[in-house]
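# Architecture and fold: a report
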Amino acid sequence: MKFKALIGTSVLAMAVATPAHAQSGGSSSDPYGEIVVTAQRQSERLQDVPIAVSAFSSEALEAQQIKTPSDLQLTLPNVTFTKTNFTSASFTIRGIGDLCVGTTCDSATAIHLNGDPLFSTRLFETEFFDLERIEVLRGPQGTLFGRNATSGVVNVITAKPKLDTFEASAEGEYGNYNSIKGKGMVNIPLGDTAAIRVAGIYLNRDGYTKNLYLGNRIDDRDLYSVRGSLRWEPTPDTTIDLMASYFHEKDNRARIQKQLCQRDPTGILGCLNNRLDNSPFNGNATFTAALTSKEFLATQGIPTAFALGSLYGPDVYANTTIPSDPRTVNTAFTPQYFTSELTLQGEIQHNFGPVSLQISGQYQRVKLDSMQDYNSNIGSRALYAGGLNTLAFFAANGIPTGLPAPAPAFVPGSAAYFAPIAAAIIPNGPNGQLCTSMADDTGFGSYGGNKFCNDQSLQFDRSNQYNTSWSVESILSSDLDGPFNFLLGGIFAKYHLTENSYYVNAFPIDYLSGVLGAFNSYANGLPPSFLATPFYRNNTDDLKIKSYGIFGETYFEFNDRVKLTLGLRYNHDEKDVIARTSLASFLTPFGQTGTAFDSPFVVTYDADPGTAGNQLFQTRSVSFNKLTGRAVLDFKITPDNLVYASYSRGYKSGGINPPLSPIFSVPESFKPEQVDAFEIGSKNTFANGALQLNVTGFYYKYKDLQLSRIVARTSVNDSVDANIYGIEVEGIVRPDPDWMINLGFSYLKTKVAGDSFFSNPRDFGGGRSDAVIIKDITNAANCAVAPGTAGNAAGSNAFVNFVNNAINGGLDLDPTKPGLEIKPGAGLQGTTSFPADGGIASTGAFSICGVLQAYAAAAGTNFDPAGIQVYSAGIPVNIKGNALPQAPNVKFSVGAQHTVHLGGDMTLVPRFDLSYTGDSYGNIFNGNVNKIKGYAQVNAQLQLNGADDKWFIKGFIQNLFNANSVTGLYVTDQSSGNYTNIFTLEPRRYGIAAGVKF
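Read on for an overview of the structure. Since we're looking at a predicted model, the values are computed, not measured.

### What about the overall build of the protein?
Helix and strand content of the protein: ten helices and 56 strands. Taken against the 2.2 N^0.38 rule, which gives 30 Å for 998 residues, the C-alpha radius of gyration of the protein at 31 Å falls within 12% of a compact globule. The dimensions of the protein, computed from C-alpha atoms along their principal axes, are 105 × 60 × 50 Å. Put simply, the protein has 998 residues, and 61% of those count as buried. Contacts in the protein between residues at least 24 apart in sequence constitute 70% of all its contacts with a sequence separation of at least 6. Carbon together with sulfur atoms contributes 58% to the accessible area of the protein, which is approximately 35000 Å² in total. Measuring between centres, the 74 positive side-chain charges of the protein sit 2 Å from its 87 negative side-chain charges.

Pasting the structure below:
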């Protein structure tokens, strides 16, 4: 028999770039009619595909209120979705999502539009509209199309123009939060062989979150998207499709919902390690507090009157409270969000008889710019009064000489070192507004006039990105008589990122950049200067990715019931990146033109310590090659009952870690990811369609699974091995034509395999009671001190106390290098205990890690016969057996609807959906502090449909019980206070909608 009818659905259901169109017997009253997938003008039921794939027709999406990608997780087994820290998201399938964070990371879950792979897409920012269907493939793929992905594929398939029919539709919706949404479509035939289709969506709503401080609402949406499609069939064997889409959003949407913390009263960690409270973190743990403290300034010989506080005194958030309601905040900075995406696609398909050829390509341009309050709190500026008054005094008078008359009271000309600082950041005096640098490319910030002034001390971050990409793919497939057929394809893709930066801006950074820069330049006889950049910037200046793959499959039918599939793929990936990190890194004269990096003193800055000389950028290149494949054997017990077994090897390329400041010992690159996936499954239809039941079991063996953690204010990636197994059950029950019930269940077990040692950013002491966790007052990073003989807590504590006393007395770290002296008077205190309920067994102290390392190398035997060890990146712990993040053990869902027939062929359809997602962890270190509690969500709607579904009116409610369910979390850096950012589902939404079709 003709074999293309058998492979058509398999190719498309695995999201290959073959033109395809879902046909469904579904309607508003039966959205789960049998889905038929068409490829190369041949078709097969989705139930005949030997792979774990779920497909939603447009009717099913509407019925289950699946409006966004986040909603997909509420019905799919072993699937979760969450926003993540840097304007991105993680679509996790079977415990594998985007655990790798960085510009050079590939996505574990491949996102496709009409079969073409998308790079850094904002596709999931909008709501779904005018779709044919969505397919979600669970498991690795690669032998049929596109770039590789280890967890699976989400393929969004847009509705195509219809050649022989004029049709149009319009829909309007109004809901709470003053939500207004409109969707529309028009399909226009152009003769007998062509048609165009235009569709769009507009959404505007008020913010979900109330800002108590400004009395406004934030986290709103204001977006639109338009799409135009053209189909031309010049001959019966040729189809040409063209598509263009544009998405635009500009509003005050928040990337992060809330920050949680078990407050650390010592300030050494900022947040403790036992639980997540609605409490402010200790501001003394931050970079800005450390470098503006009287303890640090004393070590530099700078008058402590310039200090904005003491590391042992109250911090700026000491008397603040955090609203317990996740959707209530206090912030003086309103978030800003902008993104746009242009996508162009083209595809030609021609049937040559025994073989068919399909060529497709896409171009993508993405822009993104987002800003938000970094600490989500308002600190007290009262602590700054002494330092600001001192700055104003020095700006007006200069540096006191301390000499009696008739000698001058102030050093002539020295006021010029401080006047530009005061003019830039306190232009109306110490009691006026405080000005904070805006994130900019010049690196000047406030000292170049690019600033934002406010009565409060502001802190905010910015994440921006600009990139383009294109790909072209070709697939040749056979339709031969006999048992043998084949598919052969290839893809070439290029991605170019021209800007990706993550900024952190704060008034105290401007202050310390100015004050430290003034004293540094004055002491060295240099022109008045500040330290650039007066904000933190992790900048990927340029990233180029080139990827190609050659793939193919062969198909052999032993008979009408048994089929063997064998596939093979060769992958090649190249990545070239230029990046740097800067934060108060080098002197820049006031009035400098061009950029800060044009400073005559930039020679003291080195973006790449691994390369000889001082480099303005770190430049790295990596390449990867891999051969992967799969094998599937499927057997049809009956025409309605299929069983199959498969093996596949998945691959995801490695990447490059960003430069760190300060420098820590982490790998410059991370390895490719590989998974060996074993799967068995059964797809069944019983009682003439009254029951559909699909069951899948799987086992994954991962090698070098990529995981992200924060080190020195930057996300770096490591690799671990992992084992994963689970089961999935999906069912549809139709007891009679007017009832439909859908069911889903999954169980998942994930664990790190083998010994894997990493330092926990929340506990640099590694759980050891004989260790001392250090907060470095020169950069606010943490390190740890431990005795060489385990258990000698007295030795490690005595060592830290001895070194702190030495620092208090002043040191010359290297007599051959001027400027490395530590002046006396730091006033560092001894070690202290953390609260008993904090989950920290170690003691802690403020100190200087570099000095501790020097003393440990020279004098450790004075305290411990086996010596003292200083761990610059923390004491590693073994995470063997830990569960992977975002991998709930249990999920289930149930939905039911009933069609009530009214007069005039109208129908009334009530529907109810319940989903439950079990407990999981948001971090590889697990523990109570990283636990994400299980959550349930209930949706309901009631829809009245006109005859032939020409019109409808409905009322709907999502998240009936208004649960503030947490979907993911992210632990910040030690120099930011170790607090936890959380991400949640949307609150309760309800409203009415109406639509018509022509």
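Once the structure has been displayed, the description carries forward.
### Details of the packing of aromatic side chains
Here the structure, examined in full by the defined rule, presents 37 aromatic pairs. With a centroid separation of 5.0 Å and 35° between ring planes, the pair formed by phenylalanine 281 and tyrosine 979 is classed as tilted. Taken together, the positions of phenylalanine 281 in the loop between strand E18 (258-260) and helix H4 (287-291) and tyrosine 979 in the loop between strand E54 (966-971) and strand E55 (980-984) put the pair 698 residues apart, joining distant regions of the chain. Neither phenylalanine 281 nor tyrosine 979 differs from the other in exposure class; each is buried. Ring geometry for phenylalanine 597 against tyrosine 605: centres 5.6 Å apart, planes inclined by 70°, an arrangement best described as edge-to-face. Considered together, phenylalanine 597 and tyrosine 605 belong to a single accessibility category, that of buried residues. Pairwise contacts between aromatic rings join Phe306, Phe393, Phe394, Phe410, Phe418 and Phe519 into one cluster. Stacked on the ring of phenylalanine 956, the Lys or Arg lysine 67 has its end atom at 5.3 Å from the ring centre.

### Digging into the side chain of asparagine 282
Looking at the element boundaries, asparagine 282 is found in the loop between E18 and H4. Residue asparagine 282 is classed as buried on the basis of its relative accessible area, which comes to 3%. Among the polar contacts listed, one links the side chain of asparagine 282 to the backbone oxygen of aspartate 264, at a separation of 2.9 Å. If near-sequence neighbours (up to four positions away) are discounted, asparagine 282 is found in contact with Arg263, Asp264, Pro265, Thr266, Gly267, Gly270 and Asp315.

### Remarks on the sheet that holds strand E7 (residues 109-113)
Strand order in this open sheet of five strands is E4-E9-E10-E7-E8, and the pairing throughout is mixed. The sheet is open, and its two edges are formed by strand E4 (53-57) and strand E8 (116-117), each paired on a single side. Where E4 meets strand E9 (residues 131-138), five bridges bridge the pair, whose relative direction is antiparallel. Opposite valine 53, over in E9, you have leucine 137 as the bridge partner.

### Comments concerning a nonpolar patch on the surface
Judged by side-chain polarity, Phe166, Ile188, Leu190, Trp951, Ile953, Val996 and Phe998 come together as a nonpolar surface patch covering roughly 650 Å² of accessible area. Elements with a minimum of two residues in the nonpolar patch: strand E12 (179-190) and strand E53 (951-958). As for its placement among the helices and strands, phenylalanine 998 is situated in the segment after strand E56 (989-997).

### Overview of the nonpolar core
With 90 residues, the main nonpolar core has Phe306, Leu391, Phe418, Ile425, Ile774, Val785 and Ile807 as its most contacted residues. Considering each element in turn, this core owes the most residues, eight residues, to helix H8 (residues 507-523). Formed by 22 residues, the second largest nonpolar core is a distinct cluster that contains Phe56, Leu76, Val79 and Ile134.

### Concerning the sheet that holds strand E39 (residues 772-776)
Strand order across the open sheet formed by five strands is E43-E44-E39-E40-E45, with mixed pairing between neighbours. At either margin of the open sheet sits one strand with a lone partner, and together these are strand E43 (832-833) and strand E45 (868-871). Judged from the four bridges that link them, strand E40 (residues 782-787) and E45 form a sheet pairing that is antiparallel. Along E45, the bridge assignment pairs alanine 784 with tyrosine 871.

### Some details on the environment of valine 971
Positionally, valine 971 belongs in strand E54. Among the residues examined, valine 971 registers a relative accessible area of 8% and is labelled buried. Measuring from C-alpha to C-alpha, the distance between valine 971 and alanine 753 comes to 23 Å, with 218 residues separating the pair along the chain.

### Here we look at the packing of helix H6 (residues 385-397) against H8
The geometry of H6 relative to H8 is characterised by a closest axis approach of 12 Å and an angle of 40° between their N-to-C directions. Judged by the angle between their axes, H6 and H8 are oblique. Classified by chirality, the crossing of H8 by H6 is left-handed. Contacts from Gly387, Leu388, Leu391 and Phe394 of H6 reach H8 at Phe507, Tyr511 and Phe519. Of the residues in the contact of H6 with H8, the class split is six nonpolar, one polar and no charged.

### Details of helix H9 (residues 793-809)
Spanning 17 residues, H9 covers 25 Å between terminal C-alpha atoms, matching the ideal 24 Å at 1.5 Å per step. Turning to H9, its buried residues are Gly795, Ser796, Asn797, Phe799, Val800, Val803, Asn804, Ala806, Ile807 and Asn808. Of the residues flanking the end of H9, it is glycine 810, one or two places downstream, whose phi is positive at about 95°.

### Concerning the pairing of E56
Note that strand E11 (residues 167-175) and E56 share seven bridges and pair antiparallel. Within E56, the residue paired with glutamate 171 across the bridge is glycine 995. As paired strands, E53 and E56 are joined by eight bridges and run antiparallel to one another. For lysine 954, the partnering residue across the bridge sits in E56 and is alanine 993.

### Re the state of the cysteines
Scanning all chains against the criterion turns up three disulfides. Between the sulfur of cysteine 435 and that of cysteine 453 lies a disulfide, 2.0 Å long from S to S. The disulfide joining cysteine 435 to cysteine 453 has a torsion of about 100° about its S-S bond and is therefore right-handed. Separated by 18 residues along the polypeptide, cysteine 435 in strand E22 (residues 434-437) and cysteine 453 in strand E23 (residues 451-454) bring together distant segments of the chain.

### Let's talk about the pairing of strand E52 (residues 935-945)
The pairing of strand E49 (residues 907-917) with E52 spans eleven bridges and is antiparallel. Residue pairing across strands places arginine 911 opposite glutamine 941, the latter belonging to E52. Bridging between E52 and E53 involves six bridges; their strand directions are antiparallel. The residue of E53 that forms the bridge with glutamine 941 is phenylalanine 956.

How each quantity is defined
Residues numbered from 1 in each chain as written. Predicted model: local features only at pLDDT ≥ 70, side-chain atom pairs only at ≥ 80, totals over all residues. Heavy atoms only, no water. Helix = DSSP H or I, 4+ residues; strand = E, 2+ residues; numbered from the N terminus. Rg over C-alpha atoms; globule rule 2.2 N^0.38 Å. Buried < 20%, exposed > 50% of the residue type's maximum accessible area, 1.4 Å probe, protein only. Contact = heavy atoms within 4.5 Å. Areas by Shrake-Rupley, 256 points an atom, 1.4 Å probe, with all protein chains shown as cover. Lys, Arg positive; Asp, Glu negative; His and termini not counted. Charge placed at Lys NZ, Arg CZ, Asp CG, Glu CD. Phe/Tyr/Trp six-rings, centres within 6.5 Å; stacked < 30°, edge-to-face > 60°. Lys NZ or Arg CZ within 6 Å of the ring centre and 35° of its normal. Polar contact = N/O pair within 3.5 Å; in protein donor to acceptor, adjacent residues only side chain to side chain. Pairing = 2+ DSSP bridges. Patch = residues over 30% accessible without salt bridge, like charges linked within 9 Å, V, L, I, M, F, W, Y side chains within 5 Å. Salt bridge = Lys/Arg side-chain N within 4 Å of Asp/Glu carboxyl O. Core = buried A, V, L, I, M, F, W, Y, C linked by side-chain atoms within 4.5 Å. Axes fitted to C-alpha atoms, helices over the stretch in contact; angles between N-to-C directions. Parallel < 35°, antiparallel > 145°, perpendicular 65-115°, else oblique. Left-handed = near helix turned anticlockwise from the far one by under 90°. Nonpolar A, V, L, I, M, F, W, Y, C, P; charged D, E, K, R; others polar. Expected span 1.5 Å × (residues − 1). Disulfide = S-S within 2.5 Å.

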